[in-house]
Amino acid sequence: MTDHSAGLPQRRHLVTEIPGPASRELLARRESAVARGVSNMLPVFVTDAGGGVIVDADGNSLIDFGSGIAVVSVGNAAPRVAARVAEQVARFTHTCFMVTPYEGYVAVAEELNKRTPGDHAKRTALFNSGAEAVENAVKIARHATGRQAIVAFDHAYHGRTNLTMALTAKNMPYKDKFGPFAGEIYRMPMAYPLRWPGGPAACEAEALNTFKNLVHAQVGEHNVAAVIIEPIQGEGGFVVPPSGFLPGLAAFCQDNGIVFIADEIQTGFCRTGDWFAVDHEGVVPDMVTTAKGIAGGLPLAGVTGRAEIMDSVHAGGLGGTYGGNPVACAAALGSIETMVDLELTARARRIGEIMLPRLHKLAAAYPVIADVRGRGAMLAIELCRPGTLDPDPATTTAVSAACHRAGLVTLTCGTFGNVIRFLPPLVIGEDLLNEGLSILEDAFAAL
Ligand SMILES: Cc1ncc(COP(=O)(O)O)c(C=O)c1O
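Residues numbered from 1 in each chain as written. Predicted model: local features only at pLDDT ≥ 70, side-chain atom pairs only at ≥ 80, totals over all residues. Heavy atoms only, no water.

1. Quick word on empty space enclosed by the protein
Here is step 1: Using the criterion set out here, one finds one cavity of 30 Å³ or more in the structure.
Here is step 2: Forming the walls of the largest cavity are Thr 116, Pro 117, His 120, Lys 122, Pro 285, Asp 286, Met 287, Val 288, Thr 304 and Gly 305.
Here is step 3: Taken together, the elements giving at least two residues each to the lining of the largest cavity come down to strand 9 (287–290) and strand 10 (301–306). (1 Å grid on protein atoms, 1.4 Å probe; cavity = no way out; pocket = protein on both sides within 12 Å on 5 of 7 lines; lining within 4 Å. Points joined across faces, edges and corners; volume = space filled by probe spheres on them. Helix = DSSP H or I, 4+ residues; strand = E, 2+ residues; numbered from the N terminus.)

Okay, structure coming up:
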C-alpha cells in the first residue's frame, strides 16, 4: 500500500529491551515531575511516529495497534495534517472564535453537518476534548427539552470531568473517591451479548424490554432529556450491542421526545468501516459527539445535532476560550481530506477482514479467549478462565506485556480489565498488521 508515513521506515526494529535505557531515564524524570494519577500503559518515550510505527528515544521502532487510543486513524504526523497545521500556525494561532471568527471553524462544522448521519438541518459547536463535547451535548439536550434526567448504560465511558464521570460506569480508576458526582444520571443494563443472562440470542429483545421497563418505572419517560450511548462501547470493553438494539433505542427516544445522543468519540471517523458506527444500521441520532479521530491528533471535539435542538440555546450559552482552535480545525480539515482521498472506511473494513480470521483462529486454539468482537479496525478479544465467564485480567496483562516487550503497542480495556483491544492506524501497511498479529499469537503460545 502507499506510504503515508511521512517518510518513517515502516518496520519493527528493536535495538534495546523495552523500555530501553533512554526511556528508563526519562521515566525517572517523569516520576519526579508528573502526577502519579496520569498513568502510562507502555513507558517508551516517543521521538517520532508515522504510518503504523512509533519510534522511541532508544531508537526502537514499534508497531502501533493503539493509534493513541483511536486518535491517529490517518497516521501520526499525516502529511496533509502536518501541512495544514504548519500553514495555519504561521498565519495565526488563536483569536477565540467567540471574539473574532475564522473560516476553518465553519468549514469543520460544515463537514460534520454533512458527514454525520441524517439529511436534516444540523448545527455544530466545537470544543477541545471528548468529555467537553459530552458535557455540552447534555447541556443542550436539557436546555432543548426542559427535562433533566440523562440515561446512560453499564460499561459506558464518557470521560473524566465531573458530569462525564457520573456518566462513566467503571469505578476504578475513573471514579474512585472523586465524588460527589453530578445528579439526575440513570444507568441501564447494556446489551452485552457475551454476558447477557438470557444468552446472546435473547440479548437484543430482552435488553430493549428491560431498558423500556426501567425507564418507565424508575425515571418516567417524560423526565428524560437524553439517552446517551456509545454505538460500540470503548473503554468498557468494545461491547457491540446486537443488531436491532440501537434502532430500538432510537425509536423509543423518538416516540418519547427524548434526545438520542450517539457518543461516537471513539467509534467515529472511519474507525469501524463507516464514517460513524451508527451508519452500520442506518440509525440517525438527534445528536452526535465526536473527538479523537477527527483531527489527526490535535485536540478538537464536536457536538452536531438537529438544528432546532442545537439552536434552542441562547447566544453565549455555549463555547469556551479554545473550542475550535484554528490550528486544530486546520488539522481536522487535513484529516478529513485524507480519509476521503485514501478511502479509509474501506481500509478499516480491510483491516477487519485481515484481523478477524486470525483472531478467531487464536480463540479456537486458546480457550482463555471467550469472545472476539468489534467491527472494522475496532476489534477486541475478551479473556476469561476457560469454560467460564470469570474475567482473567492477569492473563490479559501478561499477554499485553509480552506484546510490548516484542515491540507491539497494544491496549487493554474492559470493566473487568480483561479485554485486549486493537485500534491500528487505518493507514498501517498489511505487512505490519500481519506481523503484529504474529506477535500476539506468539504471546499466547508463550503463556
Ligand atoms: C466514547 C468516549 N466518550 C468520551 C471520551 C472522553 O474523551 P476525552 O478523553 O477526549 O475527554 C472517550 C475517551 O476515551 C470515549 O472513548
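2. Examining the sheet that holds strand 14 (residues 411–413)
Here is step 1: Taken together, four strands build an open sheet; the order of strands is 11-12-15-14 and the sheet is antiparallel. Only two strands of the sheet have a single partner each, and these edge strands are strand 11 (369–375) and strand 14. When strand polarity is set aside, the average angle formed by the axes of neighbouring strands in this sheet is 25 degrees.
Here is step 2: Both strand 14 and strand 15 (residues 419–422) contribute to a ladder of three bridges, which runs antiparallel. Note that in strand 15 the partner of Leu 411 across the bridge is Arg 421.
Here is step 3: Contacts from helix 11 (residues 344–365) reach strand 11, strand 12 (378–383) and strand 15 within the one sheet, and its direction differs from that of strand 11 by about 170 degrees. (Pairing = 2+ DSSP bridges. Axes fitted to C-alpha atoms, helices over the stretch in contact; angles between N-to-C directions. Contact = heavy atoms within 4.5 Å.)

3. Digging into the site of the ligand
Here is step 1: Close to the ligand lie Ser 129, Gly 130, Ala 131, Tyr 157, His 158, Gly 159, Glu 230, Glu 235, Asp 263, Ile 265, Gln 266 and Lys 292, which account for all nearby residues.
Here is step 2: Backbone polar atom of Tyr 157 to a nitrogen atom of the ligand: 3.5 Å apart, as the coordinates give it.
Here is step 3: With the chains in place, 83% of the 390 Å² that the ligand exposes on its own is no longer accessible. (Near = heavy atom within 4 Å. Polar contact = N/O pair within 3.5 Å; in protein donor to acceptor, adjacent residues only side chain to side chain. Areas by Shrake-Rupley, 256 points an atom, 1.4 Å probe, with all protein chains shown as cover.)

4. A closer look at the layout of surface pockets
Rolling a probe over the atoms, with the probe sized like a water molecule, indicates the empty space that remains.
Here is step 1: Considered as a void within the structure, the second largest pocket measures approximately 430 Å³ in volume.
Here is step 2: In this structure, the second largest pocket is lined by 21 residues; those nearest its centre are Phe 97, Tyr 105, Thr 124, Ala 125 and Leu 318.
Here is step 3: Mapped onto the lining of the second largest pocket, the elements with two or more residues apiece are helix 4 (103–115) and strand 4 (122–127).
Here is step 4: Of the residues assigned to the lining of the second largest pocket, the class counts are twelve nonpolar, seven polar and two charged. (Nonpolar A, V, L, I, M, F, W, Y, C, P; charged D, E, K, R; others polar.)

5. Some points on helix 11
Here is step 1: With 22 residues, helix 11 should reach 32 Å at 1.5 Å per residue; the first-to-last C-alpha distance of 32 Å fits that figure.
Here is step 2: Of the residues making up helix 11, those classed as buried are Leu 344, Thr 345, Arg 347, Ala 348, Ile 351, Gly 352, Ile 354, Met 355, Leu 359, Leu 362 and Ala 363.
Here is step 3: Turning to helix 11, the residues buried within the fold contact helix 10 (326–341), strand 11, strand 12, strand 15 and helix 13 (430–445). (Expected span 1.5 Å × (residues − 1). Buried < 20%, exposed > 50% of the residue type's maximum accessible area, 1.4 Å probe, protein only.)

6. Some words on the state of the cysteines
Here is step 1: Using the criterion set out here, one finds zero disulfides in the structure.
Here is step 2: Cys 384 takes part in no disulfide bond, and the closest cysteine sulfur, belonging to Cys 413, lies 13 Å away. (Disulfide = S-S within 2.5 Å.)

7. A few points about the sheet that holds strand 8 (residues 259–263)
Here is step 1: If you walk across this open sheet you meet the seven strands as 4-10-9-8-7-5-6, and the pairing is mixed. Each of the sheet's edge strands pairs with one partner strand only, and the pair in question is strand 4 and strand 6 (185–188). Taken over all neighbouring pairs, the strand axes of this sheet differ in orientation by 20 degrees on average, direction set aside.
Here is step 2: When strand 5 (residues 149–153) meets strand 7 (residues 224–229), the two strands line up parallel, connected through three bridges. Following the sheet pairing, Ile 150 is matched in strand 7 by Ala 226.

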